[in-house]
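Examination of the molecular architecture
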Amino acid sequence: MAENTFPIYNVDAIVNFYRTEVLTGQEAKHFTNSDLTPTPKAVQTLYMRVLHLLYRFRPECHFMVSTEFNWYFCTFPLFNIVYLFRRQFLPVCMVYDFSLNDLLTPKKQRTLTILSAIMNFVHFRNQRMVVMQEKQAKLRADLERLQTYTRANLEMEKKIQMLTTIPPEQQAEADELAAEVAELHATNMHELQEANVLNENIAEWKTKIAEKSQKLAQVKVDISSLKEEIGKLKSQIVESPEELKSQMEKMRENVRIIKNSIKEADERVVELQNMVQNTTHAEAEIQQMYNLLQDLESSMNTTKQRQEEYQELTIQHEKVQKELKNLCMEEGQLKRSLAMKLDKESKQSIRRRMKKEMKEQHIQDVLGQCDQIHLKREEMANKIQEISRETQQLKAKTQNLRDIGSKETEKAQALFDSLSASLEDLHRRIEMQTMDLKKDVVKMSANF
């Protein structure tokens, strides 16, 4: 007892403590310092009240004796006090040598040490009770928060399901829009391919025209050289004027024919230039269509972004569920650690208040979310209508462009065929004329 770990209080502190914390009513009023001289009856009643406070025993429970004593009922509760104090309570208070003599013939210093040990334990118990009450209040708040979170999660799941599922009335329209967009994309790709083919054909025509113009220039050079040679030969040859006139007339006719062919070639070149301008206009219109397609792709990208936002919302929902699981684990740990409960009246009053407040807040939140959802739904309906209008306009434009392109391709093909035929005739005439000129030159050289 000399090496205990609790302080030994004086008589006044012990009496004040047991009056306020343990005893009640008339017993607290009549309990004085003289009861700790000590008197056995006062000490016994004090120990019994300590057991009533700590173990919540009824007075009749003290007359029930443990089976270790081989009997069950007794007319005197002292054996129960000794048994409980010695086996369960006082070893926790660091007192290990409590006996029956401490009840029947108590000594002052001995009773002061035992009461000090009990007082120290009751102080510790009160502190722990305060901590446990705080934990219980926190647990209640966590439980109510968990319930609100679960309800909110269920409602959010329902709302997400409502937003993600397309209503059957709009499902057909959505499928039609998707099919029309796919058709527009396919038709635009086909038109782009046709435009590329036309550009390649135009480039080939340009190269052919350049080659033919080079050939014409070469022919002109050859004709000028032949004229010079003919002039030289005429200066050297003296012929009759009739032959000269006939040759001059032939040469004039040949020159006229060549001039006419050159004019026709120029006219065809002008026509080809007009065709090239028309093709440039068609390319500009195709570019406009390509820009429209890019706008459609941007709208599709916006829809993809919305899908990504929906996935992010699902990820946040999973995170909230994980937090709820962690809260459930903490709840289980707190339930295991809790051993005491508050009174039923305080529980009911606090729960009612908190439930009312949470219900009001929940109703306000739900109303605000419903308003936001209705606004978003109206915005989406307006956007769908705008997209349908744009698709109809694009269909009309594409049809017009198809008609214009088909007409222009037919015109270009006809012009190309006529131009190629005329160029072939011109080349044949030029070759015939060059052959005739060469023969004439050969004859003239032979005659000379």
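Residues numbered from 1 in each chain as written. Predicted model: local features only at pLDDT ≥ 70, side-chain atom pairs only at ≥ 80, totals over all residues. Heavy atoms only, no water.

1. As for a negative patch on the surface
Taken together, the side chains of Glu169, Glu173, Asp175 and Glu176 make up a negatively charged region of the molecular surface. Tracing the backbone shows Glu173 in helix α7 (residues 168–236). In this structure Glu173 comes out as partly exposed when scored by relative accessible area, which is 45%. (Patch = residues over 30% accessible without salt bridge, like charges linked within 9 Å, V, L, I, M, F, W, Y side chains within 5 Å. Areas by Shrake-Rupley, 256 points an atom, 1.4 Å probe, with all protein chains shown as cover. Salt bridge = Lys/Arg side-chain N within 4 Å of Asp/Glu carboxyl O. Lys, Arg positive; Asp, Glu negative; His and termini not counted. Charge placed at Lys NZ, Arg CZ, Asp CG, Glu CD. Helix = DSSP H or I, 4+ residues; strand = E, 2+ residues; numbered from the N terminus. Buried < 20%, exposed > 50% of the residue type's maximum accessible area, 1.4 Å probe, protein only.)

2. Things to note about the environment of Asn126
Considering the arrangement of structural elements, one finds Asn126 in helix α6 (residues 108–164). Linking Asn126 and Glu21, residues 105 residues apart in sequence, is a C-alpha distance of 10.0 Å.

3. Section: a positive patch on the surface
On the surface, Arg151, Arg351, Arg352, Lys355, Lys356 and Lys359 cluster together to form a positively charged patch. Ranked by residues supplied to the positive patch, first place goes to helix α9 (residues 344–447) with five residues. Within the fold, Arg352 resides in helix α9.

4. Brief notes about the pattern of salt bridges
By the definition in use, this model includes two salt bridges. A salt bridge links Asp142 to Arg145; the shortest N-O distance between them is 3.8 Å. One end of the pair is Asp142 and the other is Arg145, both in helix α6 and three residues apart, which spans about a single turn. Between Arg428 and Asp425 there is a salt bridge, and its shortest N-O distance comes to 4.0 Å. Here Arg428 and its partner Asp425 are both found in helix α9, three residues apart, which amounts to about one turn of the helix. Note on Arg428: relative accessible area 52%, which makes it exposed.

5. Thoughts on the packing of aromatic side chains
Think of a pair of aromatic rings as described by two things: how far the centres are apart, and how the planes are tilted against each other in angle. By the definition in use, this model includes one aromatic pair. Ring centres of Phe17 and Tyr18 lie 5.4 Å apart, and the angle between their planes is 85 degrees; on these two criteria the pair is classed as edge-to-face. Residue Phe17 shares its accessibility class with Tyr18, and that shared class is buried. (Phe/Tyr/Trp six-rings, centres within 6.5 Å; stacked < 30°, edge-to-face > 60°.)

6. What about the packing of helix α3 (residues 40–55) against α6?
Across the interface, α3 lies against α6 with an axial gap of 12 Å and an inter-helix angle of 20 degrees. With respect to α6, the axis of α3 lies roughly parallel. Viewed along their axes, α3 and α6 form a crossing whose handedness is left-handed. Contact residues: α3 offers Val43, Leu46, Tyr47, Val50, Leu53 and Leu54, while α6 offers Thr111, Ile114, Leu115, Ile118, Phe121, Val122 and Arg125. Along the lines of polarity and charge, the residues of the contact of α3 with α6 split into 11 nonpolar, one polar and one charged. (Axes fitted to C-alpha atoms, helices over the stretch in contact; angles between N-to-C directions. Parallel < 35°, antiparallel > 145°, perpendicular 65-115°, else oblique. Left-handed = near helix turned anticlockwise from the far one by under 90°. Contact = heavy atoms within 4.5 Å. Nonpolar A, V, L, I, M, F, W, Y, C, P; charged D, E, K, R; others polar.)

7. Here we look at the nonpolar core
Residues Tyr18, Tyr47 and Ile118 are the most contacted members of the largest nonpolar core, which totals 29 residues. By residue number, the principal contributor to this core is α6, which donates seven residues. Counting residues in each nonpolar core, the second largest holds seven residues, with Ile223, Ala265, Leu426 and Ile430 among its members. (Core = buried A, V, L, I, M, F, W, Y, C linked by side-chain atoms within 4.5 Å.)

8. Let's talk about the side chain of Thr111
Within the secondary structure, Thr111 sits in helix α6. A polar contact of 2.7 Å, which involves the side chain of Thr111, links it to the backbone oxygen of Lys108. (Polar contact = N/O pair within 3.5 Å; in protein donor to acceptor, adjacent residues only side chain to side chain.)

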